[in-house]
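Residue-level listing of the chains:
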Amino acid sequence: MLDIYCGSDALKTIQQQGFKQELFTTMLGASGGPKWFSLFGLDKYLFGEYFKDRSTELNLVGSSAGAFRFAALSQQDPVAAITRLATLYSETTYSDKANKKEITAKAMKLLKEVLGANGSNEIINNPVFKAHFIVAKCRGLTSFEQKLPLMFGLISSMALNQVNRGLLAKQYQRYVYHHPKSQLTINDSFNFNTQHQALNHENLTSSLLASGSIPVVMEGIKDIIGSPKGMYRDGGIIDYHFDVDIKPTSGLTLYPHFSPTPKAGWFDKNLARKVNTQYYKNTVMLVPSAEFIARLPYGKIPDRKDFIDLAPATRLKYWQTVLKESEFLADEFAQRISTVNTKNIKPIECC
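Residues numbered from 1 in each chain as written. Predicted model: local features only at pLDDT ≥ 70, side-chain atom pairs only at ≥ 80, totals over all residues. Heavy atoms only, no water.

### A few points about the side chain of T142
Now for step 1: As for its position among the elements, T142 is in the loop between β4 (129-138) and α7 (147-163).
Now for step 2: Here T142 falls in the buried class, since its relative accessible area comes to 1%.
Now for step 3: At a separation of 2.7 Å, a polar atom in the side chain of T142 contacts the main-chain carbonyl oxygen of R139.
Now for step 4: Filtering out sequence-adjacent residues up to four positions away, T142 remains in contact with L150, G153, L154, S157, Q171, Y172 and R233. (Helix = DSSP H or I, 4+ residues; strand = E, 2+ residues; numbered from the N terminus. Buried < 20%, exposed > 50% of the residue type's maximum accessible area, 1.4 Å probe, protein only. Polar contact = N/O pair within 3.5 Å; in protein donor to acceptor, adjacent residues only side chain to side chain. Contact = heavy atoms within 4.5 Å.)

Listed below in structure tokens is the structure:
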């Protein structure tokens, strides 16, 4: 039901010390919209049991849906907050001809309810679980809100990325909105211009919403308070599943992910390009197995197309089934870490 993948150095550490929770110093959360529903049970177990009594810091680095998850999981009651996010997100409905204004408004409402009266304060002041939200600041045509120039900009991005991922740096800057007491930095071999900005009460909601603002589908977030003026959009544009160098790297990285083959950026989804193995040497990935996915309704994990392809009542029933089934992954992880058998661990093969 659950596949565990390890980078070369992570495997040696697990073989020697087992799955001690204190070995992990970083956790990654990928973009992917409702695909994360397949990880819901793991999220609850990890923060309700596995990391429950943790006293040392764990940096949570997420883009888009991953950022939303970590905004919930770094609150004072992470299990209640992630359950609130899953419930609100899965029950969201739109009008038949929903435009980006409606979709953005509902995302803002969702975030307001997930954060509640004190969520922002809890995230900023959490001494252990330190959230980082990845956002893409746009340049040129990708900074326009009007559909035609924005589409031309995105088509240009697709073409540039096919030639060389590094060319996207002409159109996008990576902004890392980080916990105010974290020293973590993020860079990559493609030399994206990366800016690190501390989270505060003025920028937290805007940066979080920007991290999930899918171009064309949602409105971009303009002029985040305290940040350079401009248009900010979905962090998955640059960091869809991550191909980055995170420092300091004093321990292992835990990566619950819905795919065993991470893709660097949004425009890599349909490309054969692989991520850098060096960046995954200390990573442990927890991935729903093909067997688990096959037993789900429609034989797949949820995705954004479900909003279009399925009637609201059908989609809700399907998504609720996935949320419930995801509990089996948590149960298996708990069993696997109690008696470590590294023979069942698979290597991360990025390139």
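This is not the end of the story, as more comes after the structure.
### Concerning unusual backbone geometry
Excluding glycine, residues mostly have negative phi values, and the peptide bonds linking residues are mostly trans.
Now for step 1: Cis peptide bonds are those with omega within 30 degrees of zero, and the linkage from K247 to P248 qualifies with -5°.
Now for step 2: Examined against the element boundaries, P248 turns out to sit in the loop between β10 (245-247) and β11 (252-256).
Now for step 3: Phi angles above zero are rare outside glycine, and N191 is one such case at about 60°.
Now for step 4: Take N191: it is sitting in the loop between β6 (185-187) and β7 (194-198).
Now for step 5: Judged by its relative accessible area of 64%, N191 is exposed.

### Some thoughts on the pattern of salt bridges
Now for step 1: Taken as a whole and judged by the stated rule, the model has 18 salt bridges.
Now for step 2: For K346, the salt bridge is made with D3, and the minimal N-O distance between the two is 3.5 Å. Of this pair, K346 sits in strand β13 (residues 346-347) while D3 sits in strand β1 (residues 2-6); the two residues are 343 residues apart in sequence, bridging distant segments of the chain.
Now for step 3: Salt bridges linked by common partners bring K100, E145 and R233 together as one network. (Salt bridge = Lys/Arg side-chain N within 4 Å of Asp/Glu carboxyl O.)

### Let's talk about the packing of aromatic side chains
Now for step 1: The final tally for this structure, using the stated rule, is 20 aromatic pairs.
Now for step 2: Considering the side-chain rings of F307 and W319, the 5.2 Å spacing of their centres and the 90° angle between planes classify their relative orientation as edge-to-face. One end of the pair, F307, is in helix α10 (residues 306-309); the other, W319, is in helix α11 (residues 312-325), with 12 residues separating them in the sequence.
Now for step 3: For F307, a relative accessible area of 24% puts it in the partly exposed group.
Now for step 4: Here the aromatic cluster, defined as three or more aromatic residues joined through ring pairs, consists of F19, Y45, F47, Y50, F51, F129 and F333. (Phe/Tyr/Trp six-rings, centres within 6.5 Å; stacked < 30°, edge-to-face > 60°.)

### As for the pairing of strand β5 (residues 172-178)
Now for step 1: Here β5 lies mainly inside the structure; 7 of its 7 residues are buried.
Now for step 2: Of the two faces of β5, the one holding Y172, R174, V176 and H178 and the one holding Q173, Y175 and Y177 are both buried throughout.
Now for step 3: Taken together, the 7 bridges between β4 and β5 define a ladder with antiparallel strand orientation. Looking at β5, one finds that V135 is bridged to Y175.
Now for step 4: Sheet topology places β5 next to β7; 5 bridges connect them, and they run parallel. Note on β7: the bridge partner recorded for Y177 is Q197. (Pairing = 2+ DSSP bridges.)

### Details of helix α2 (residues 40-50)
Now for step 1: For α2, a buried count of 8 out of 11 residues is recorded, marking the element as mostly surrounded by other parts of the structure.
Now for step 2: Within the sequence span of α2, burial applies to F40, G41, L42, D43, L46, F47, G48 and Y50.

### Focus on the environment of D223
Now for step 1: Within the fold, D223 resides in the loop between β8 (221-222) and β9 (231-234).
Now for step 2: Sequence separation of D223 and P260 is 37 residues, and the distance between their C-alpha atoms is 36 Å.
Now for step 3: Side-chain polar atoms of D223 contact the backbone nitrogen of G230, separated by 2.8 Å.

### Examining the packing of α2 against helix α4 (residues 78-90)
A pair of packed helices is characterised by two quantities: the angle between their axes and the separation of those axes.
Now for step 1: Interaxial distance between α2 and α4 falls to 9 Å at its minimum, and their mutual angle equals 165°. Between α2 and α4, the interaxial angle falls into the category roughly antiparallel. Here α2 runs over α4; the crossing is right-handed. Touching F40, D43, K44, F47 and G48 of α2 are P78, V79, I82, T83 and A86, all from α4.
Now for step 2: Class assignment of the residues belonging to the contact of α2 with α4 gives a composition of 6 nonpolar, 2 polar and 2 charged. (Axes fitted to C-alpha atoms, helices over the stretch in contact; angles between N-to-C directions. Parallel < 35°, antiparallel > 145°, perpendicular 65-115°, else oblique. Left-handed = near helix turned anticlockwise from the far one by under 90°. Nonpolar A, V, L, I, M, F, W, Y, C, P; charged D, E, K, R; others polar.)

### Considering the pairing of β11
Now for step 1: In terms of burial, β11 is largely enclosed, as 5 of its 5 residues are buried.
Now for step 2: Of the two faces of β11, both are covered, the one formed by L252, L254 and P256 as well as the one formed by T253 and Y255.
Now for step 3: One ladder, built from 3 bridges, connects strand β2 (residues 24-29) with β11; its direction is parallel. Bridge pairing in β11 places T26 opposite T253.
Now for step 4: Sheet topology note: the β11/strand β12 (residues 283-288) ladder contains 4 bridges and is parallel. Bridge assignment links P256 to a residue of β12, and that residue is L286.

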